[in-house]
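Tertiary structure, described
Take a look at the letters that make up each chain.
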Amino acid sequence: MEYKRPFGVRIDENGVIPGAKKLVRRLSDMRGYFYDEKAYEELLKEDPVVYEVYAVEQEEKDGDLNFATTILYPGKVGKEFFFTKGHFHAKADRAEIYYALKGKGGMLLQTPEGEVEWVPMEPGTVVYVPPYWAHRTVNTGDEPFIFLAIYPADAGHDYGSIKEKGFAKLVVEENGEVKLIDNPRWK
Ligand SMILES: O=P(O)(O)OC[C@H]1O[C@](O)(CO)[C@@H](O)[C@@H]1O
Ligand SMILES: [Fe+2]
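Residues numbered from 1 in each chain as written. Chains lettered and ligands numbered in written order. Predicted model: local features only at pLDDT ≥ 70, side-chain atom pairs only at ≥ 80, totals over all residues. Heavy atoms only, no water.

- Looking at an unreviewed UniProt entry, the chain carries the name Glucose-6-phosphate isomerase, with the source organism given as Thermococcus nautili.

**Topic: the side chain of Q110**
- With respect to the helices and strands, the residue Q110 is situated in strand β7 (residues 105-110).
- A residue is classified by how much of its surface remains accessible, and Q110, at 2% relative accessible area, is buried.
- Q110 has contacts with F88, E115, V116, Y132, W133, A134, G166, F167, A168 and W186, leaving out every residue within four places of it along the chain. (Helix = DSSP H or I, 4+ residues; strand = E, 2+ residues; numbered from the N terminus. Buried < 20%, exposed > 50% of the residue type's maximum accessible area, 1.4 Å probe, protein only. Contact = heavy atoms within 4.5 Å.)

**Overview of the sheet that holds strand β8 (residues 116-121)**
- As summarised here, the arrangement of the 3 strands in space is β8-β7-β10, forming an open sheet in which the pairing is antiparallel. Looking at which strands have only one partner, the edges of the open sheet turn out to be β8 and β10 (134-139). In this sheet, neighbouring strand axes are inclined to one another by 20 degrees on average, regardless of whether the strands run parallel or antiparallel.
- Strand direction decides the pairing type here: β7 and β10, joined by 6 bridges, are antiparallel. Each residue of the ladder has a partner; that of G106, found in β10, is V138. (Pairing = 2+ DSSP bridges. Axes fitted to C-alpha atoms, helices over the stretch in contact; angles between N-to-C directions.)

**Describing the site of ligand 1**
- Of all residues adjacent to ligand 1, which total 16 residues, the nearest are Y51, T70, E96, H157 and Y159.
- In the environment of ligand 1, an oxygen atom lies 2.5 Å from a nitrogen or oxygen atom belonging to the side chain of Y51.
- Between an oxygen atom of ligand 1 and a side-chain N or O atom of H157, the distance comes to 2.5 Å.
- For ligand 1, whose unbound accessible area comes to 380 Å², protein coverage reaches 96%.
- In this structure, ligand 1 is accommodated by the largest pocket. (Near = heavy atom within 4 Å. Polar contact = N/O pair within 3.5 Å; in protein donor to acceptor, adjacent residues only side chain to side chain. Areas by Shrake-Rupley, 256 points an atom, 1.4 Å probe, with all protein chains shown as cover. 1 Å grid on protein atoms, 1.4 Å probe; cavity = no way out; pocket = protein on both sides within 12 Å on 5 of 7 lines; lining within 4 Å. Sits in = over half its atoms within 2 Å of the grid points.)

**A short note on the confidence of the model for the chain**
- Residues at a pLDDT of 70 or more form 100% of the chain, whose mean pLDDT is 97.
- Interface predicted TM-score (ipTM) for the complex: 0.94; the corresponding pTM is 0.97. (pLDDT = per-residue confidence, 0-100.)

**Comments concerning the coordination of the iron ion (ligand 2)**
- The coordination sphere of the iron ion (ligand 2) contains the protein donors H87 (NE2), H89 (NE2), E96 (OE) and H135 (NE2), at a distance range of 2.1 to 2.3 Å.
- Mapping the donors of the iron ion (ligand 2) onto the primary sequence gives the spacing H-x1-H-x6-E-x38-H. Of this pair, E96 sits in strand β6 (residues 96-102) while H135 sits in strand β10, and the two are 39 residues apart along the sequence.
- Accessibility expressed as a relative area gives 1% for H135, which makes it buried. (Donors = N, O, S within 2.8 Å, 3.2 Å for Na, K, Ca; no water.)

Spelled out as structure tokens, the structure:
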């Protein structure tokens, strides 16, 4: 038997995993995701980086694990806080664990029927993402929100239905407060 080799890596103070595969998502990669289209077009002139992912991934095999850090930058499109695209797992019954490292935010989770949960996150918070729940993280603070995700190597990403339908709730700032409001475009 040819064994894989164990290893340890240290996540640096900026959330970077040395040697990991880096993915950058700018606002232009997220057309159609934010509610306020006018505010989206306006901010697109700057095309800010919304988040970066540093992923250590294995072959898509049952039993193995991937892990990744995400650095989700602070910002808003209109009154809606910056967020990750959000996804179901391609293998929908695969669960996931998130661990918050820095900054302030939360996770929006949703079942295929559109039932929503919001879990606030601060450094030290562990979030259990159960099988079948779509998940999106949101930065509700004014510094980068950094967290680690650990997920089955064969989970995959299913962005399709979130891209089309969105989440049933929007996470917005109203009168200086973080609020969840109904998404008027939710189908
Ligand atoms: O895949 P999205 O929805 O853009 O969000 C990125 C985050 O989600 C993950 O895919 C884990 O669920 C990580 O790679 C990363 O932490
Ligand atoms: Fe996931």
